[in-house]
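Observations on chain architecture
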Amino acid sequence: MTDSSLGCFPVRYFCTAGHGMEQFLVEEVKSKVGAQDVIRLQGKVIFSSCANINSVTSLKSAERLFLLLNHEGPLKLPAHVNQAKASSLLQSKLTGDKEELARAAMLCISLQGAIKDRAINCQVQTEGVKKRDQDEQSHGEASQCKRKRLEHENPDGAPRDQQTERLPSVDPVTFRICCKCSGSVARYFSTQDVSKVLGASLTTLLGWRVDLKNPHLEVNVNLTDDYCLQGIPLTKFPLATRSYVQTTGLRSTVAWAMGSMAQIQPGSLVVDPMCGVGTILIEAAKEHNDTYFLGIDIDDEQLVKARGNIVHAHLEGRMQVLKASSLALPLHSASVDAVVCDLPFGRKFGTKMDAAKNLPLILSEMTRVLRVGGVLVLLLSPQLSCQIKRLITQDDAKSDSVQENDSQTEKQDCQSDGATSTEQPSSPGRKKGPPSTQETEHLYGLRRTSPLSSLRHENTIRVSLGAIDGLMHKFVKLDP
Ligand SMILES: C[S@@+](CC[C@H](N)C(=O)[O-])C[C@H]1O[C@@H](n2cnc3c(N)ncnc32)[C@H](O)[C@@H]1O
């Protein structure tokens, strides 16, 4: 677990990420916690970092954070191996060096303690800030918590690597095991089998005790055809749970990713013309201090929740919402630096508005208010993405900019004519699947007035939204 090339004693972590979010997480761990030895797996990113634990728990694109115990190649069982031999091979695969395991357990408990204390400190500090200075809450909370965090993490000015050397003593360590098996391993072992084998080893080797209710450690084991991964979660709640959001909307990690695609600069004005409860703007506002955010929505209920969220996140000074229609935005042309928008689709919002029918007008309005060089980031269903894709491919010059992978994914969606899409049709009367080319040309008023004619397509990333997938598209406005 040490690497002298980093000039400290780095901790080896892994984070889980939603489908499509891995690339954001790789970038984020490199830029925010100086990650090295980064390994990207499907749904996971492994990395080493010397950064303090509270910077690591502040990662925005991750779902859960684990201390890495072991990452190895898959368990390979010879053909016709009997159960006893298979169990013994599994045991040696899962149980590494005794000293290393004991040390990892203590490090884990120490890190968990630091994370808990930080949460308490931030809460106390936020109360103090509220009383002292109502006007500067948004900046106050962040900076006060940051200061307190630094004090806590480094109370006597010792370098962080020395601090992790002072590990707590817990006797006996209690644990439970959480296991996932897939592929050929799953044919030999049930998750209970794996838990039994590992549990017996930890008890005999290290004297740890099983506690299914409230253990010090939850040892997670993931056995697949590609790897064997073991780790211990460092936080009780997923990192994707945001303490600063009162009413949740779009998945927080995806909302954050949309903000990061928008290339927000200091002093910018960022608009979400269908903001809902304001999730995308709140995520972006927490990341960019000197920036202004305007949310627009047609629904009063959503706006009430959005206002509640703004107050809860202490963003009153920099974020506002107003009631208007995205079909006629009450904004001057070329007045906005970035537009971000999660269009209505899926079970929750798809029935409220026929986004397919209104897409051309919505896009025209978004493009009109964007300044030249401004960025547009859209989250669309696979079906709505097909409409945009068709528009782009109508213009030969611009179709070159579509990334090969993305066009392949979209091609599948468009070819399947919506049949494989898990989303709901946007209105009961509408026929299933994306419109034909003729329909699209009709919708967009043919090429002459295509709202995409002044936009350059940069990239498309498919992400999981839970039950359904969405496609994040990024465009840059080229012409006035
Ligand atoms: C998918 S939701 C946005 C969710 C949002 N990203 C969040 O996290 O809460 C789409 C939003 O578009 C709004 N909407 C529908 N038609 C609209 C219109 N014509 N103008 C403005 N907003 C509209 C809905 O009220 C809904 O809040």
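Cut-offs and rules
Residues numbered from 1 in each chain as written. Predicted model: local features only at pLDDT ≥ 70, side-chain atom pairs only at ≥ 80, totals over all residues. Heavy atoms only, no water. Helix = DSSP H or I, 4+ residues; strand = E, 2+ residues; numbered from the N terminus. Buried < 20%, exposed > 50% of the residue type's maximum accessible area, 1.4 Å probe, protein only. Contact = heavy atoms within 4.5 Å. Areas by Shrake-Rupley, 256 points an atom, 1.4 Å probe, with all protein chains shown as cover. Near = heavy atom within 4 Å. Polar contact = N/O pair within 3.5 Å; in protein donor to acceptor, adjacent residues only side chain to side chain. Nonpolar A, V, L, I, M, F, W, Y, C, P; charged D, E, K, R; others polar. Core = buried A, V, L, I, M, F, W, Y, C linked by side-chain atoms within 4.5 Å. Domains from an automatic or database assignment. pLDDT = per-residue confidence, 0-100. Axes fitted to C-alpha atoms, helices over the stretch in contact; angles between N-to-C directions. Parallel < 35°, antiparallel > 145°, perpendicular 65-115°, else oblique. Left-handed = near helix turned anticlockwise from the far one by under 90°.

On to the overall build of the protein. Across its full length, the protein holds 17 helices and 15 strands. Taken over 480 residues, the protein has a buried fraction of 53%. Of the contacts formed within the protein by residues at least 6 apart in sequence, a portion of 75% connects residues at least 24 apart. Of the roughly 22,300 Å² of accessible surface on the protein, a fraction of 50% belongs to carbon and sulfur atoms.

Bringing the site of the ligand into the picture now. If you check the shell around the ligand, you find 20 residues, and the closest are L250, V277, T279, D297 and S326. Between the ligand and S325, the relevant distance is 3.3 Å, taken from a nitrogen atom to a side-chain nitrogen or oxygen of the residue. A total of 600 Å² of accessible area belongs to the ligand in isolation, and the protein chains cover 96% of it. Of the residues assigned to the shell around the ligand, the class counts are 11 nonpolar, 6 polar and 3 charged.

Attention now goes to the side chain of T174. Within the secondary structure, T174 sits in strand β5 (residues 174-181). The class for T174 is buried, based on a relative accessible area of 6%. At 2.9 Å, the side chain of T174 forms a polar contact with the backbone nitrogen of H216. In contact with T174, not counting residues within four places along its chain, are R209, D211, N214, P215, H216 and L217.

Here N309 is to be found in helix α11 (residues 300-312). Apart from residues no more than four positions distant in its own chain, N309 is found in contact with Y244, V245, Q246, T247, V277 and I282. A distance of 3.0 Å separates a polar side-chain atom of N309 from the backbone nitrogen of Q246. Side-chain polar atoms of N309 contact the backbone nitrogen of T247, separated by 2.8 Å.

Looking now at the nonpolar core. Among the nonpolar cores identified, the biggest contains 93 residues, and F47 and M472 are the most heavily contacted of them. Residue contributions to this core peak at 10 residues, all from helix α4 (residues 98-132). Split by domain, the residues of this core number at least three in each of domain 1 (4-233) and domain 2 (252-477). One finds L331, A355, A356 and I362 within the second-largest nonpolar core, a separate group that totals 27 residues.

The next subject is unusual backbone geometry. A positive phi angle, close to 60°, is found at H80, a residue other than glycine. Here H80 lies in the loop between β4 (64-72) and α3 (83-94). Positive phi values are uncommon outside glycine, yet H314 reaches one of about 55°. In this fold, H314 is placed in the loop between α11 and β11 (319-323). Of the residues examined, H314 reaches a relative accessible area of 8% and is grouped as buried.

The predicted model of the protein averages 81 in pLDDT, with 74% of residues at 70 or higher. Taken together, the stretch residues 125-165 has pLDDT below 50 and engages in 49 contacts with residues farther than four places along the chain or on a different chain. Residue range residues 396-407 is modelled with pLDDT below 50. Its contacts to residues more than four positions away, or to other chains, number 17 contacts.

Okay, the packing of α3 against helix α8 (residues 191-206) next. α8 packs onto α3 with a crossing angle of 60° between their chain directions and a minimal axis gap of 10 Å. Between α3 and α8, the angle falls in the class oblique. As for how α3 packs across α8, the hand of that crossing is right-handed. Seen from α3, the contacting residues are Q83, S87, L90, Q91 and L94; seen from α8, they are D193, V194, V197, L198 and S201. For the contact of α3 with α8, the class distribution of residues is 5 nonpolar, 4 polar and 1 charged.

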